[in-house]
Amino acid sequence: MRNYKPLLVHFENHASDPNDREASAAMKGRTKLILKSLKQYSTLLFIHLMLDILQELKHLSLLFQKDGLTLQMVSDGLQTTCMVFVAMQTNPGPRLQRFLTEVGTGSTWQGVEINRTSTDDDNFNNIKLRLTNRFCEFVSERFRSLETGVLKAISTHFDLSNWPEDTNALATFGTAELNVIMEHFRPVLEPCKDFQSEDAARLEWLDLKILVACHYRHLDSQVLWQRLIQGAIGRAGQFQHMQVVAEISLVLPMSSSCCERGFSCMKRVKSDWRSRLANDTLNSLVQISMHDPLHEEYSSVRAVTKWWSSGRRSRRPLYCD
């Protein structure tokens, strides 16, 4: 779409130039077909719709590539994406809306005469409805495991937006989910010295709900449970069982992007020209490459100071000057 008019000129030259010997007759036939399609109003509508859809899928993909991704973040991101697709059924996305505004009721866009019929809008709305519904169905099917079993229990149990406001409802909230979590992770919890019994965890859960509802409801879910694990909520040792359960929920791996970035980084560092790096050196270089600050934020003063003061012999930076 950024190069729409140059593309049309390119295809028109190949389709209509009799002296063009680079293109065969079959290629010229395909060129005429593509040129005709690019001037169809329905085709341009569909392209702008796909631009909006792919933009939302890009945001979802970037979410899955984040470090420290939690189950709550994944669940929220999937729900947001599906809601945006549903909203597109009645409200056009930004790119489609811009195209509709520029064309208006006419049949000209960017100075190009396009072919528009009276049934294009109705047909496009039907296509848009089917397409967005299929996207939502596929996302729901692909991540169905998040809606059942222990993953559903964790997302419900630790997401403050799911907690009821009513005190009576809060009294029984999360108990069934806590039982599912403890049953699933029993092989991990039994040898843990900080987790003595499931009954103690249920009692701590009741005290924790009261404390959070009274004093910490304003916090983000992830921040709240990180504070709990660090012991910044309640008295010392008051919630040792729930700290273990909360830590399990925060370290569940939601994607493999971190591992994939590590492999890519290792291939960059240990190239054919540096194939004899020792393991310690390779590990240090990979850690620096993956976790060092951006070059705009990096200050070399500490590195130079350490180099200057840590050598066995005195440094002579002006030795050969």
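Anything mentioned here points back to the structure above.
So, here is what we can say about the structure in this document. Since we're looking at a predicted model, the values are computed, not measured. (Residues numbered from 1 in each chain as written. Predicted model: local features only at pLDDT ≥ 70, side-chain atom pairs only at ≥ 80, totals over all residues. Heavy atoms only, no water.)

## Some details on the overall build of the protein chain
Here is step 1: Across its full length, the protein chain holds 16 helices and two strands.
Here is step 2: Rg of the C-alpha trace for the protein chain: 30 Å, well past the compact-globule value of 20 Å for 321 residues, more than 25% over.
Here is step 3: Judged by the C-alpha coordinates and their principal axes, the protein chain covers about 85 × 80 × 35 Å.
Here is step 4: Across the 321 residues in the protein chain, those meeting the buried criterion constitute 31%.
Here is step 5: Here the analysis covers contacts within the protein chain between residues at least 6 apart in sequence; of these, 66% occur between residues at least 24 apart.
Here is step 6: Summed over its atoms, the accessible surface of the protein chain is roughly 21,300 Å², and 54% of this surface lies on carbon and sulfur atoms.
Here is step 7: Seen as two clouds, the 38 positive and the 36 negative side-chain charges of the protein chain have centres 9 Å apart. (Helix = DSSP H or I, 4+ residues; strand = E, 2+ residues; numbered from the N terminus. Rg over C-alpha atoms; globule rule 2.2 N^0.38 Å. Buried < 20%, exposed > 50% of the residue type's maximum accessible area, 1.4 Å probe, protein only. Contact = heavy atoms within 4.5 Å. Areas by Shrake-Rupley, 256 points an atom, 1.4 Å probe, with all protein chains shown as cover. Lys, Arg positive; Asp, Glu negative; His and termini not counted. Charge placed at Lys NZ, Arg CZ, Asp CG, Glu CD.)

## Re the packing of aromatic side chains
Each pair of aromatic rings is reported with the distance of its centres and the angle of its planes.
Here is step 1: Evaluation of the coordinates by the stated rule reveals nine aromatic pairs.
Here is step 2: Each ring, one from F158 and one from W225, has its centre 5.1 Å from the other, and the planes form 90°; the classification is edge-to-face. Of this pair, F158 sits in the loop between α7 (149-157) and α8 (167-172) while W225 sits in helix α12 (residues 221-229), and the two are 67 residues apart along the sequence.
Here is step 3: The positively charged end of R116 is found above the aromatic ring belonging to Y41, 4.1 Å away from the centroid.
Here is step 4: Between R142 and the ring centre of F143, over which it is positioned, the NZ or CZ distance is 5.2 Å. (Phe/Tyr/Trp six-rings, centres within 6.5 Å; stacked < 30°, edge-to-face > 60°. Lys NZ or Arg CZ within 6 Å of the ring centre and 35° of its normal.)

## A few points about the environment of H215
Here is step 1: Positionally, H215 belongs in helix α11 (residues 198-216).
Here is step 2: Distance in space between the C-alpha atoms of H215 and D272 is 57 Å, their sequence separation being 57 residues.

## What to know about the side chain of E56
Here is step 1: Relative to the helices and strands, E56 resides in helix α3 (residues 41-64).
Here is step 2: Salt bridges are absent for the buried E56, whose nearest opposite-charge side chain, R95, sits at 6.9 Å. (Salt bridge = Lys/Arg side-chain N within 4 Å of Asp/Glu carboxyl O.)

## A short note on unusual backbone geometry
Here is step 1: Positive phi, close to 55°, is recorded for Q110, a residue that is not glycine.
Here is step 2: Assessed through its relative accessible area of 35%, Q110 is described here as partly exposed.

Fair warning: the whole summary comes from geometry, so function is off the table for now.
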